[in-house]
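Residues per chain, in single letters:
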Amino acid sequence: MPPRMRITAISQSEIAGTFYRQTENAKSTPDDSQQGLVITAAIENGMCSLYRDHDTGKKWEVPPMVTAINPGGIPEVAVRRDCELSLDVWVMGVINMYKKPLIVCDGTRAQTATSLWDAYSGLLSNQAMILAMNSSFVDPSLQFETQLKITESSFKMVFSIPSLDKVKEIGKSEDKQEDLETLYRSIFNVYEDTLLILVSKDFYKLQILKEMAVWMNEDSSYLQERAMVIISRVLSFASRKVKGYTSVDAPCLGILAAELSLLCSHTDPSITQQASLGMYHLLCIAKCQTDIAKNKTTKYAKPGSHCLQPSPSDTEFLPKILQRDKTKIAQSVGKTLLPSLLTDFVWTLLMKLSVPDPVTASEAAAILKLTLEYHAPKVTMVSKIVDAIYKQLRANASHAMKQAMLRVITLLTRTSPKKVIFQLMDYPVPADNTLILMWQAAGSESSVAPHVLKTILLILKGKPGEMQERITERKRFSLDITNMMPVAASQALCTLLPVGCYKKAVAQFFPQLLMALMLQLFYSSNLRLLTEDRPFYACDALRVLLNCSGLQQVNTALQRKNCWNQFSQVLFHHHGVYLVAKTLSEYNFPQFPETLHYLYKLSVEGPRRSEDSVITIIFLTELLNNFFKDPFPEEFLVLFRNWVNDSDPAVSKLSLQKIASMAPVINEIENVSSLLLSIVDAFLSKDKTVVIRAFITLRSLLVRLDKVTYSSLCARIASSYCPLMDHSNGGIRSMAIRHFGELLRDMSHYTWMLNDVVFRGLVPLILFLEDTEARVVKACKHTLGICASELKWSTSYLFNEEYYSFELVVLNICNNLLISHGNYITDLISDTLGYLRSSRTHLRRASVILIGYLAKLGGYLLHRDELEVMLEAVDRVLRDDDPTIRELAGITHKLFKEIAYTLTSSNIKQSFRRFFNFIYIKKLEPLYNYNLPKHLTGSPMGIKETKND
């Protein structure tokens, strides 16, 4: 048989010459190439003929289907493509001319021969379409999809023909057998050549080999050995061609490697040999990919330096080593393939575990296990693998395959515990038996126990039922936007904590697990996840934790105290936390040091949520109460001081409550000033309950505080009360006023330090005598009595109900001011002006009276511009909705006019008047007659003139 020839530069004359050299009847004229000669081989009446065809529009001429074989000779194939489409075309120009019949047969033998020719002609037709599309401008994805379909059709034609032994039986003579063998081999050669052409142009089309491996396993009647030969040859060609490439686009290597790895243990030695050879060539390609990936950062890499072929000695022995040696296969594949390809390799083997053939599944399980033992860290998409295993296990896998899949979970957990655990916690709760089996597999090794618990603790930081803010950013497989993973994690702990290999890890993470479960108890109680007779998983996990940590007595005591039932009720949850901490302390639990250290660390770093702080404070406070005497060490006092001004009111009140309990030892605290001032800062809280609690706490501490420290802080503390005297809440107003008076009484020997503060608070103390709430009025009378006593004013009798009148109190205070502290009058006028704009009627009314008396007494101290401001303020009040206020404002306005008149005189007269008022003081009578006692006529003090000494 003449040899096949490869034409790399095609012209019409070259093709014509090829046929001319192969047949006696072919005659080529010198001008064939110029005329665009097309040489066609065809069958006419059973004879082979060559035709000259000048129709350049005809792209292909393919021999027709041969159903009758007559003497005269048959062409093997005569096919060509126009030279403008491709420069790489295989030309089979072999035409054998015989003077005697080529094949003479009948019956079954004729059918066999016919099937060969049918396959051959169909293969040629498919090859033509594949190669034509290969050089067209069709979309690459569509091109590959179409070529793959045609290749699959060709595969079924080629590998379903009879075996070579059956073909040999057709021919009765050696010549006939030789011709049939030639035809038989040509069929496979054409199929192989088609693949070589495709791969030579694009390594991406190595995926066809992957599909071939799948197709050949679909039907055992296919010629599997022949298919493996072609696969190994194409891979061999690709491994040689890849040398020198700067990029290799072959994403199918992982899947193809998985298919070949299974065939390396095939029962047929010939298939095993070809599979191992193909695996070797595949690894050479993968090695090139890996080298290119490593050298991508090399800017001036020379072409050809990326892939180094193994030495000839390696080529000889490596395929033999791969035969039936699963360990070597797993090691070589894991070492050579890129992570993404190795993941494909693992995924393909994982899918093989569910195939009906137990032998294939067993082989896949063995290779998969070995691969993960050596190279699990390189595997990506772990969550997807875990999810696939869960689905396969739920589909009732066989016992052997179930164990193999669970072993995969164990091996993946070694290197990717976070990914595995996160995926296992992302299934619906309560967990089914399949998921519990996977939990047990993930936690079956002591070496990974700490990592598993760390991941679970990370999950337990979440809040059950919490909505995901951005669903698009989520990386979990769950379609549920609510986070129920913490509930699953609590249930998982019930399974994992009792495992013997977790004993050491449980001891290591006892504080973290304890507090995480305490928080989960709180979250779960809010979710109302309790069913009829089923307690919370977090509660179960906490009890398991206590039992596994040698604290069975604590668990029993808590059950006796009905603690676990209290956790199911939101209102009593904080008391449940208190009971756990107290009971642990009562039994002197050995984990106290590390628990205290963790609580301190958690407090310093700051919990993620405010409710976390509440649980932390309750627990920490109770532990400190049982193991330390007041005051606490400075490190913990700092925490309580910071918590006083926490954004969560509950945290602030808990801290203030604990600080208040330290009153008996307040003088033993080192940095007591800082602690007291932090309480003063809490006065600014927007939560009224925090402010009230701060008042109570501060007062309880000041009563026992030593006078030296008290005196250094009294002015600052007194000043903090003044703004709260005008608070919108009556309870806060009354407490601020009363505690202001108590502070003045405490500091009676340091009154000189507080004069400025006293007069800063004098205006609200006077005005709120008209408050609508009796407790505020009572507090004002109480504090004004203290102020009068400290300032040596005789006004206390005026607060008796029998003689009480707001105007008389104002009159008396103003007269005393004029005598002893006249220099504060202008400041008091300024403070009073602000209340004229108040939204509360009683304050506007009281301020109109007070500012009138202050102006009457201190008018000589006012300047013209100051009086103009005062007149403008009173003018607005003249239009007030309340008639009483309008009437009082009219009197005040008249007073201001009179003062303004006196200011119009010369500067000399004004100076003389000021000097005269300084040495000669005239006490006033009531100006407004506002609610004066009926049985009193005139001023209780009378009109008295005194000389200012």
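This one's a predicted model, so the numbers in the text were calculated from it and none came from an experiment. (Residues numbered from 1 in each chain as written. Predicted model: local features only at pLDDT ≥ 70, side-chain atom pairs only at ≥ 80, totals over all residues. Heavy atoms only, no water.)

1. Some words on the overall build of the protein
- Looking only at helices and strands, one finds 42 helices and 10 strands in the protein.
- The buried share of the protein, reckoned over its 949 residues, is 52%.
- Counting contacts in the protein only where the partners sit at least 6 residues apart, residues at least 24 apart contribute 71% of the total.
- Within the structure as shown, the protein displays about 43,800 Å² of accessible surface, and the carbon and sulfur contribution to it stands at 52%. (Helix = DSSP H or I, 4+ residues; strand = E, 2+ residues; numbered from the N terminus. Buried < 20%, exposed > 50% of the residue type's maximum accessible area, 1.4 Å probe, protein only. Contact = heavy atoms within 4.5 Å. Areas by Shrake-Rupley, 256 points an atom, 1.4 Å probe, with all protein chains shown as cover.)

2. Focus on helix 37 (residues 806-820)
- Given a rise of 1.5 Å per residue, 15 residues ought to cover 21 Å, and the 21 Å separating the end C-alpha atoms of helix 37 matches this to within 8%.
- Within helix 37, 13 of the 15 residues are buried, which leaves the element mostly enclosed by the surrounding structure. (Expected span 1.5 Å × (residues − 1).)

3. Let's talk about the pattern of salt bridges
- The tally for this structure, following the rule as stated, stands at 25 salt bridges.
- Glu363 is the partner of Lys326 in a salt bridge, and the nearest nitrogen-oxygen pair spans 3.1 Å. With Lys326 in helix 12 (residues 326-336) and Glu363 in helix 14 (residues 358-375), the pair connects residues that are 37 residues apart, well separated along the chain.
- By relative accessible area, which is 18% here, Glu363 ends up buried.
- Overlapping salt bridges, with partners in common, bring together Lys369, Glu373, Arg407, Arg414 and Glu445 in one network. (Salt bridge = Lys/Arg side-chain N within 4 Å of Asp/Glu carboxyl O.)

4. Digging into the packing of aromatic side chains
- Applying the stated criterion across every chain yields a total of 20 aromatic pairs.
- Measuring from centroid to centroid gives 4.6 Å for Phe683 and Phe695, while their planes differ by 55 degrees, and the two rings are tilted. Separated by 12 residues along the polypeptide, Phe683 in the loop between helix 31 (672-681) and helix 32 (688-702) and Phe695 in helix 32 bring together distant segments of the chain. One exposure class covers both Phe683 and Phe695, and it is buried.
- Three or more aromatic residues link up through ring pairs in this structure, and these residues are Phe155, Phe159, Tyr184, Phe188, Tyr191 and Trp215.
- When the ring centre of Phe188 is taken as reference, the NZ or CZ atom of Arg226 above it lies at 5.1 Å.
- A cation sits over an aromatic face here: Lys384 above Trp347, 4.7 Å from the ring centre. (Phe/Tyr/Trp six-rings, centres within 6.5 Å; stacked < 30°, edge-to-face > 60°. Lys NZ or Arg CZ within 6 Å of the ring centre and 35° of its normal.)

5. What about unusual backbone geometry?
- Cis geometry marks the peptide bond from Val429 to Pro430; its omega dihedral reads 0 degrees.
- In this fold, Pro430 is placed in the loop between helix 17 (417-424) and helix 18 (433-442).
- Positioned with a positive phi, Met381 is a non-glycine residue whose angle comes to about 55 degrees.
- Among the structural elements, Met381 can be located in the loop between helix 14 and helix 15 (382-394).

6. Quick word on helix 33 (residues 707-721)
- For helix 33, which comprises 15 residues, the first-to-last C-alpha distance of 19 Å matches the rise-based estimate of 21 Å (1.5 Å per residue) to within 8%.
- Looking only at helix 33, the buried set comprises Thr709, Tyr710, Ser711, Leu713, Cys714, Ile717, Ala718, Ser720 and Tyr721.
- Where the residues of helix 33 are buried, they touch helix 31, helix 32, helix 34 (730-746) and helix 35 (751-767).

7. Digging into the packing of helix 26 (residues 573-586) against helix 28 (residues 610-627)
- Put simply, helix 26 and helix 28 touch, their axes get as near as 9 Å, and they point 30 degrees apart. The angle between the axes of helix 26 and helix 28 places the two elements in the roughly parallel class. Relative to helix 28, helix 26 is oriented so that their crossing is right-handed. On helix 28, the residues touching His573, His574, Val577, Tyr578, Val580, Ala581, Lys582, Leu584 and Ser585 of helix 26 are Val614, Ile615, Ile618, Phe619, Glu622, Leu623, Asn626 and Phe627. (Axes fitted to C-alpha atoms, helices over the stretch in contact; angles between N-to-C directions. Parallel < 35°, antiparallel > 145°, perpendicular 65-115°, else oblique. Left-handed = near helix turned anticlockwise from the far one by under 90°.)

8. Let's talk about the environment of Ala365
- As for its position among the elements, Ala365 is in helix 14.
- Residue class for Ala365 comes out buried when judged on its relative accessible area of 14%.
- For the pair Ala365 and Val408, spaced 43 residues apart in the sequence, the C-alpha separation amounts to 9.0 Å.
- Leave out the neighbours within four places in its chain, and Ala365 touches Leu353, Met401 and Ala404.

9. A look at the environment of Arg745
- As for its position among the elements, Arg745 is in helix 34.
- Leave out the neighbours within four places in its chain, and Arg745 touches His782 and Ile786.

10. Let's talk about the confidence of the model for the protein
- Per-residue confidence for the protein averages 78 on the pLDDT scale, and 77% of its residues sit at or above 70.
- Ranking the elements of the protein by mean pLDDT puts strand 1 (residues 5-7) last, at 28, and helix 32 first, at 95.
- Every residue in residues 470-481 is under pLDDT 50, and counting partners more than four places away or in other chains gives 15 contacts. (pLDDT = per-residue confidence, 0-100.)

11. Considerations on the environment of Ala505
- Structurally, Ala505 can be placed in helix 21 (residues 503-508).
- When the C-alpha positions of Ala505 and Val448 are compared, they lie 9.3 Å apart, and in sequence the two are 57 residues distant.
- Apart from the residues within four sequence positions on either side, Ala505 is in contact with Ala449, Pro450 and Leu453.

12. Here's the deal with the nonpolar core
- Counting 286 residues, the largest nonpolar core has Phe159, Leu206, Met212 and Phe619 as the members making the most contacts within it.
- Discounting residues that sit within four places of it in the chain, Phe619 has contacts with Leu514, Met515, Met518, Val577, Val580, Ala581, Leu584, Thr595 and Leu599. (Core = buried A, V, L, I, M, F, W, Y, C linked by side-chain atoms within 4.5 Å.)

13. Considering the side chain of Ser549
- Locating Ser549 in the fold gives a position in the loop between helix 23 (537-548) and helix 24 (552-560).
- Setting aside residues up to four positions removed in sequence, Ser549 forms contacts with Val506, Phe510 and Gln591.

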